[in-house]
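Spelled out from the first residue to the last, the chains are:
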Protein chains: 2
Amino acid sequence: MSDRGAGQTGGRGESLLFLTDDQLRRGIEAMFFAYRGFTADPDRILAEYTYGRAHHRAIHFINRSPGTTVNNLLDILGVTKQSLNRVLRTLIQDGLVESRVGTRDRRERHLFLTEEGEALERQLSEAQRRRMRAAFREAGPEAVAGFRTVLEQMMDPEMRKHYQTMKDGW
Amino acid sequence: MSDRGAGQTGGRGESLLFLTDDQLRRGIEAMFFAYRGFTADPDRILAEYTYGRAHHRAIHFINRSPGTTVNNLLDILGVTKQSLNRVLRTLIQDGLVESRVGTRDRRERHLFLTEEGEALERQLSEAQRRRMRAAFREAGPEAVAGFRTVLEQMMDPEMRKHYQTMKDGW
DNA sequence: CAGTTTATGTCAGCCTTGTTGACTTTCCAA
DNA sequence: TTGGAAAGTCAACAAGGCTGACATAAACTG
């Protein structure tokens, strides 16, 4: 596909030094430590409520795709419906999420954030974006492009479609 | 530090388009979906035993720094000693990890993988490296450099030192 | 030497969030 | 009208976080 270049070696035969076990181990640890940072700020906010990461994930993807169905969310989040249902139930009871019966198919429930839900979503995502913005700014646009390329390759293929599909509102 | 370039805009004033909220949201989702992929292969292997991700993390960092102390591991993993101890106890009982009393300071316990522990470590890390290697290869060396730069910026500063410190054997 | 701090281990209990299995209700579509 | 999909619920369980309290041994300190 794209020109992958030969990096610092300059020749047409790539050095492949970036594929050594040691480099891979560094990549593995980078994922581990960075993911901790990635979740740290929202976790602190969630701890002030009775919510956890599972609630954050549901709120995030409902906000991204207002009107998404429960089945759709299940597919994205990769958990059982019992797990998701427990989370959705509390969010609905607490008035952060609204569940509307589908018009075309009245078995389906379409999920929306309420005003209050949107307020929490903003609080969480602003904290998370602040850190990512700082990281992106420090790293620069080319590093960000590489970051996204590698992460996309690391996903399971089925997840890649969720990552790319951004417009499934109702 | 390094030249961050101006990307496609070519001018000396960076476009900053890579810092929009939408780009940041894509980065957030990339982290979410990629981390799922990142843990998927080891998780499948661990499920065949009675172990979980917590055991994998302990095994990984003991393998990286043979002879590391319990306190050292606690700092790296960021959990309570009770949580870590539960994991270490089973690994020691199962003969995957050996705990040796320190010579200089006999309060300390130094942790090592046994032959059997190393065998499981290899199985887990080979699975994880396989995916990372494929992602790195597809993305190319420049993307990998960017990937690591962004992730490093995303870490909490205290974690960055663990990421960089690679030589603390005993 | 006495007292304090440090490193580790352990017990008990709690919470979140994942799982499986069984079952019901609703309701679209053949 | 009936089969099956979508959704929801209940129960039980496990992993792996957490807090708090307490024990022991070793090292350090005045």
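Structure shown above.
A few points on the structure. (Residues numbered from 1 in each chain as written. Chains lettered and ligands numbered in written order. Predicted model: local features only at pLDDT ≥ 70, side-chain atom pairs only at ≥ 80, totals over all residues. Heavy atoms only, no water.)

### Let's talk about the overall build of chain A
Next up, step 1: Secondary structure summary: chain A contains seven helices and three strands in total.
Next up, step 2: For chain A, the α and β elements follow one another from N to C terminus as α-α-β-α-α-β-β-α-α-α.
Next up, step 3: With 170 residues in all, chain A has 47% of them scored as buried.
Next up, step 4: Put simply, of all contacts in chain A between residues at least 6 apart along the chain, 53% involve residues at least 24 apart.
Next up, step 5: When the accessible surface of chain A is totalled, it reaches about 9,100 Å², and 47% of it is carbon and sulfur. (Helix = DSSP H or I, 4+ residues; strand = E, 2+ residues; numbered from the N terminus. Buried < 20%, exposed > 50% of the residue type's maximum accessible area, 1.4 Å probe, protein only. Contact = heavy atoms within 4.5 Å. Areas by Shrake-Rupley, 256 points an atom, 1.4 Å probe, with all protein chains shown as cover.)

### Things to note about the protein's contact with DNA strand D
Next up, step 1: Within the structure, DNA strand D sits among 25 residues, and Lys81(A), Arg107(A), Gly52(B), Arg57(B) and Arg86(B) are positioned closest to it.
Next up, step 2: Within 4 Å of the protein, atoms of DNA strand D come from sugar and phosphate in 57% of cases.
Next up, step 3: Between DNA strand D and the protein, one listed contact pairs a base nitrogen with a side-chain N or O atom of Arg107(A) at 3.2 Å.
Next up, step 4: For DNA strand D, a base nitrogen lies 2.5 Å from a polar atom in the side chain of Arg86(B).
Next up, step 5: The set of elements that each furnish at least two residues to the surface near DNA strand D consists of α3 (70-77) and α4 (81-93) of chain A together with α2 (53-64) and α4 (81-93) of chain B.
Next up, step 6: Partitioned by chemical class, the residues of the surface near DNA strand D number three nonpolar, ten polar and twelve charged. (Near = heavy atom within 4 Å. Polar contact = N/O pair within 3.5 Å; in protein donor to acceptor, adjacent residues only side chain to side chain. Nonpolar A, V, L, I, M, F, W, Y, C, P; charged D, E, K, R; others polar.)

### A short note on the interface of chain A and chain B
Next up, step 1: Between chain A and chain B, the residue contacts involve 61 residues of the former and 60 residues of the latter.
Next up, step 2: A combined buried area of about 6,700 Å² lies between chain A and chain B, and 71% of that area is made up of carbon and sulfur atoms.
Next up, step 3: Our enumeration of links across chain A and chain B arrives at eight salt bridges.
Next up, step 4: A salt bridge links Asp21(B) to Arg133(A); the shortest N-O distance between them is 3.5 Å.
Next up, step 5: Counting every contact that joins chain A to chain B gives 18 residue pairs in polar contact (both at pLDDT 80 or more).
Next up, step 6: Secondary structure elements with two or more residues in the side of chain A that touches chain B: α1 (21-48), α2 (53-64), α3, α5 (115-139), α6 (141-154) and α7 (157-164) of chain A. (Buried area = accessible area lost by both parts, 1.4 Å probe. Salt bridge = Lys/Arg side-chain N within 4 Å of Asp/Glu carboxyl O.)

### Details of the protein's contact with DNA strand C
Next up, step 1: Taken together, 24 residues surround DNA strand C, and among them Gly52(A), Arg57(A), Ser83(A), Arg86(A) and Lys81(B) come closest.
Next up, step 2: Of what DNA strand C places within 4 Å of the protein, 58% of the atoms are sugar or phosphate.
Next up, step 3: Take Arg86(A): an N or O atom from its side chain is 2.4 Å from a base nitrogen of DNA strand C.
Next up, step 4: Taking Arg89(B), its side chain carries an N or O atom lying 3.5 Å from a phosphate oxygen of DNA strand C.
Next up, step 5: Among the elements of the structure, α2 and α4 of chain A together with α3 (70-77) and α4 of chain B are those that each provide at least two residues to the surface near DNA strand C.

### Observations concerning unusual backbone geometry
Next up, step 1: A positive phi is found at Leu16(A), a non-glycine position, where the angle reads about 65°.
Next up, step 2: When its relative accessible area of 41% is taken as the criterion, Leu16(A) is described as partly exposed.

### Things to note about the packing of aromatic side chains
Next up, step 1: Overall, the coordinates contain 13 aromatic pairs over all chains when judged by the stated rule.
Next up, step 2: Ring centres of Phe136(B) and Phe147(B) lie 5.6 Å apart, and the angle between their planes is 70°; this geometry places the pair in the edge-to-face category. Within this pair, whereas Phe136(B) is found in helix α5 (residues 115-139), its partner Phe147(B) is found in helix α6 (residues 141-154), the two being separated by eleven residues in sequence. Pair check on accessibility: Phe136(B) and Phe147(B) agree, each one buried.
Next up, step 3: Aromatic rings pair up to connect Tyr35(A), Phe38(A), Tyr35(B) and Phe38(B) into one cluster.
Next up, step 4: Between Arg100(A) and the ring centre of Phe112(A), over which it is positioned, the NZ or CZ distance is 3.8 Å. (Phe/Tyr/Trp six-rings, centres within 6.5 Å; stacked < 30°, edge-to-face > 60°. Lys NZ or Arg CZ within 6 Å of the ring centre and 35° of its normal.)

### Observations regarding the pairing of strand β3 (residues 109-113) of chain B
Residue and element names in this part refer to chain B.
Next up, step 1: Judged by how many residues are buried, β3 sits mostly within the fold: four of five residues are covered.
Next up, step 2: Sheet analysis places strand β1 (residues 68-69) next to β3, joined by two bridges and oriented antiparallel. Looking at the pairing, Thr68 lines up with Leu111 of β3.
Next up, step 3: Across five bridges, the pairing between strand β2 (residues 97-101) and β3 is antiparallel. Residue pairing in the sheet places Val101 in a bridge with Arg109 of β3. (Pairing = 2+ DSSP bridges.)

### Examining the packing of α1(A) against α6(B)
Next up, step 1: Put simply, α1(A) and α6(B) touch, their axes get as near as 8 Å, and they point 35° apart. Crossing hand, α1(A) versus α6(B): left-handed. Touching Gln23(A), Arg26(A), Gly27(A), Ala30(A), Met31(A), Ala34(A), Gly37(A) and Phe38(A) of α1(A) are Phe147(B), Arg148(B), Leu151(B) and Met154(B), all from α6(B).
Next up, step 2: Here the contact of α1(A) with α6(B) is built from residues that sort into seven nonpolar, three polar and two charged. (Axes fitted to C-alpha atoms, helices over the stretch in contact; angles between N-to-C directions. Left-handed = near helix turned anticlockwise from the far one by under 90°.)

### Things to note about the sheet that holds β3(B)
All names here are of chain B.
Next up, step 1: The strand order β1-β3-β2 describes an open sheet built from three strands, whose pairing is antiparallel. With one partner strand each, in any of the chains shown, β1 and β2 form the two edges of the open sheet.
Next up, step 2: α2 contacts β1, β2 and β3 of the sheet and is inclined by roughly 100° relative to β3.

### Here's the deal with α5(A)
Next up, step 1: With 25 residues, α5(A) extends 35 Å between its outermost C-alpha atoms, agreeing within 8% with the 36 Å of an ideal straight helix rising 1.5 Å per residue.
Next up, step 2: Directly beyond the C-terminal end of α5(A), a positive phi value near 90° is found at Gly140(A). (Expected span 1.5 Å × (residues − 1).)

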